[in-house]
Amino acid sequence: MLTCAFAGQKKVLAAYEEAVKCGYSGARAGRLHTPHGVFDTPMFMPVGTQATVKAVSPRELKEMGAQIILSNTYHLYLRPGTELVAEAGGLHRFMDWDGGILTDSGGFQVFSLGPLRKITEEGAAFRSHIDGSTQFLSPEIAIKAQMNLGADIIMAFDECIPYPAEYQYAKLSTERTTRWAERSQKAHTRSGQALFAIVQGGMYQDLRRVSANDLVSLDFPGYGIGGLSVGEPKPVMYEMLEQTVPLLPENKPRYLMGVGTPDCLVEAVRYGIDMFDCVFPTRVARNGTAMTKSGRLVVKNAAYAKDFLPIDENCGCYACQNFSRAYIRHLLKADEIFGLRLTTIHNLYFLLDFTKKMRQAILEDRFLSFREEFLAQYCK
Ligand SMILES: CNc1nc2cc3c(=O)[nH]c(N)nc3c(CCc3ccccc3)c2[nH]1
Ligand SMILES: [Zn+2]
């Protein structure tokens with residue numbers, strides 16, 4: 001069973017009292033207990049959509065400190081099929097990863113990937129983005145697929161409400177997502193595997209509160225905060241966090257889905273978020289952009305042709321310890337796969353290390369000053 005002990009709680013409380021005088025801080029440092037180990041939060045979870053974190057090996061992920069990685073039920077359900085993965089011994093065996101795995105329920109991908117679909121009380125009909133075949137996902141099908149994959153943490157089947165959305169639509173969709181969460185719970189029969197519910201509510205404060213309260217009364221071991229990072233302005237996202245997080249149980253993990261850039265991470269940790277995912281570091285790496293504490297560095301630019309320094313001199317990653325910007329730029333210009341691997345390794349290491357630094361700052365009661373210093377230096 002997934003349990004959560006938030007270490008240093010009294011420390012955090014001290015920080016909290018201190019922080020109340022100068023702005024809210026619900027930041028906390030926790031430890032997530034799963035069948036594949038105990039993991040530190042706040043944590044960044046690399047995304048491995050099709051049972052691989054693109055361009056890096058499980059050994060490299062372990063080396064850079066990855067604890068839990070994400071995979072997508074939507075993609076694996078369509079290809080190679082979740083029964084096949086179950087026959088292979090489950091996702092951990094299939095991809096040779098012995099750390100934690102979290103799978104998304106497919107809701108988001110159906111609505112954002114599959115060509116136009118039909119949503120009913122029963123579930124969502126959609127066309128496969130692979131072969132155009134008509135497919136259908138429901139809470140029962142999504143939970144069965146995730147039990148087949150065998151992740152340590154699985155997500156309830158939900159609708160990620162598009163942005164912007166009319167109040168009436170957001171209300172009806174959120175109420176349906178709560179009914180789907182209950183159906184997900186009933187369909188979930190695999191012990192040792194934690195099922196998280198996902199809070200929705202669009203960008204409406206009252207719907208966010210209703211969604212959080214309804215899901216908390218259904219009692220889940222952890223909660224995703226969904227329907228964000230869908231194009232809304234950042235202040236709106238933070239406002240939704242402010243409405244939602246305080247309603248979630250202190251002793252259970254909170255996972256902000258789809259976030260994000262370092263500035264969003266440090267703000268979300270301040271509101272009390274513990275877990276993050278984002279395709280950003282791997283996606284921008286593939287077009288030659290590296291993440292640094294002062295913003296993005298497009299290593300592919302001509303300016304770095306003769307720059308024999310590493311991407312970041314203070315970075316402990318394999319790319320920065322052994323290669324120069326000039327070399328990585330050369331590889332990227334020459335379309336060499338190793339160039340993508342190096343920028344991906346750096347970006348993943350950067351975010352994993354960043355969340356480790358936030359955890360340390362929280363445990364040492366200096367999170368708010370850490371946040372100030374970081375935001376002053378980081379240009380969005
Ligand atoms: C980029 N922004 C973003 N906002 C999201 C909202 C939701 C949401 O409301 N419901 C669900 N189920 N997922 C969401 C996701 C996908 C997160 C993910 C990606 C890859 C692997 C595993 C998990 C989101 N991603
Ligand atoms: Zn690096």
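Each value, and the rule that gives it
Residues numbered from 1 in each chain as written. Chains lettered and ligands numbered in written order. Predicted model: local features only at pLDDT ≥ 70, side-chain atom pairs only at ≥ 80, totals over all residues. Heavy atoms only, no water. Helix = DSSP H or I, 4+ residues; strand = E, 2+ residues; numbered from the N terminus. Rg over C-alpha atoms; globule rule 2.2 N^0.38 Å. Buried < 20%, exposed > 50% of the residue type's maximum accessible area, 1.4 Å probe, protein only. Areas by Shrake-Rupley, 256 points an atom, 1.4 Å probe, with all protein chains shown as cover. Lys, Arg positive; Asp, Glu negative; His and termini not counted. Charge placed at Lys NZ, Arg CZ, Asp CG, Glu CD. Pairing = 2+ DSSP bridges. Axes fitted to C-alpha atoms, helices over the stretch in contact; angles between N-to-C directions. Contact = heavy atoms within 4.5 Å. Parallel < 35°, antiparallel > 145°, perpendicular 65-115°, else oblique. Left-handed = near helix turned anticlockwise from the far one by under 90°. Nonpolar A, V, L, I, M, F, W, Y, C, P; charged D, E, K, R; others polar. Near = heavy atom within 4 Å. Polar contact = N/O pair within 3.5 Å; in protein donor to acceptor, adjacent residues only side chain to side chain. 1 Å grid on protein atoms, 1.4 Å probe; cavity = no way out; pocket = protein on both sides within 12 Å on 5 of 7 lines; lining within 4 Å. Sits in = over half its atoms within 2 Å of the grid points. Phe/Tyr/Trp six-rings, centres within 6.5 Å; stacked < 30°, edge-to-face > 60°.

Undergrad: I tried to follow the overall build of the protein on my own but got confused; where do I start?
TA: Scanning the protein for helices and strands turns up 16 helices and 16 strands. Its C-alpha atoms give the protein a radius of gyration of 20 Å, near enough to 21 Å, the size a compact globule of 380 residues would have. With the C-alpha coordinates aligned to their principal axes, the bounding extent of the protein is approximately 60 × 55 × 40 Å. A total of 380 residues make up the protein; the buried ones form 57% of that total. Put simply, the protein shows about 15700 Å² of open surface, and 54% of that area lies on carbon and sulfur atoms. Distance between charge centroids for the protein: 3 Å, based on 42 positive and 41 negative side chains.

Undergrad: Quick question: what am I supposed to make of the sheet that holds strand 13 (residues 254-256) here?
TA: For sheets, the rule is that strands pair by backbone hydrogen bonds, running either parallel or antiparallel. One open sheet holds the eight strands; their spatial order is 4-14-13-12-11-10-6-5, and the pairing between them is parallel. One side of each edge strand has no neighbouring strand; the edge strands of this open sheet are strand 4 (43-45) and strand 5 (68-72). The average angle at which neighbouring strand axes cross in this sheet is 25°, direction not considered. Where strand 4 and strand 14 (residues 275-277) come together, three bridges link them in parallel fashion. Directly across from M45, in strand 14, lies its bridge partner D277. Of the strands in this sheet, strand 6 (100-104), strand 10 (153-155) and strand 11 (194-199) touch helix 7 (residues 139-149), which is tilted by about 160° from strand 10.

Undergrad: Is there a simple way to think about the packing of helix 9 (residues 205-217) against helix 10 (residues 234-244) in this case?
TA: Relative placement of two packed helices is described by the angle separating their axes and the distance separating the axes. Contact pair helix 9 / helix 10: the axes reach a minimum separation of 9 Å and the direction vectors enclose 40°. Judged on the interaxial angle alone, helix 10 and helix 9 are oblique. Pair helix 9 / helix 10 crosses with right-handed handedness. On the side of helix 9, the interface is formed by Q205, R208, R209 and A212, while helix 10 contributes E239, M240, Q243 and T244. Residue classes in the contact of helix 9 with helix 10 are distributed as two nonpolar, three polar and three charged.

Undergrad: I would appreciate a short explanation of the site of ligand 1 in the present structure.
TA: Taken together, 20 residues lie around ligand 1, and D104, D158, Q200, G227 and L228 are the ones closest in. Between ligand 1 and the protein, one listed contact pairs an oxygen atom with a side-chain N or O atom of Q200 at 2.9 Å. Taking G227, its main chain carries an N or O atom lying 2.7 Å from an oxygen atom of ligand 1. In isolation ligand 1 offers 540 Å² of accessible surface; the protein chains occlude 92% of this area. Of the pockets mapped on this structure, ligand 1 occupies the largest pocket. When contributions to the shell around ligand 1 are tallied by element, the ones reaching two or more residues are strand 5 and helix 6 (107-112). Sort the elements by how many residues they give to the shell around ligand 1 and strand 5 lands first, with three residues. In the shell around ligand 1, the residues fall into eight nonpolar, nine polar and three charged.

Undergrad: So what exactly am I meant to see when it comes to the packing of aromatic side chains here?
TA: In this description, a pair of aromatic rings is defined by centroid distance and the angle of the planes. Taken as a whole and judged by the stated rule, the model has 12 aromatic pairs. Considering the side-chain rings of F323 and F338, the 5.5 Å spacing of their centres and the 80° angle between planes classify their relative orientation as edge-to-face. Placement of F323 in the loop between helix 13 (318-322) and helix 14 (325-333) and of F338 in helix 15 (residues 337-363) is noted, with a sequence separation of 15 residues between them. F323 gets classed as buried once you look at its relative accessible area, which sits at 17%. When the centroid spacing of 5.9 Å and the interplanar angle of 35° are considered together, the rings of F354 and F370 count as tilted. Remark: F370 occurs in helix 16 (residues 367-377) and F354 occurs in helix 15; sequence separation between them is 16 residues. What makes F370 buried here is its relative accessible area of 13%. Taken together, F350, F354, F370, F374 and Y378 form an aromatic cluster joined through their ring pairs.

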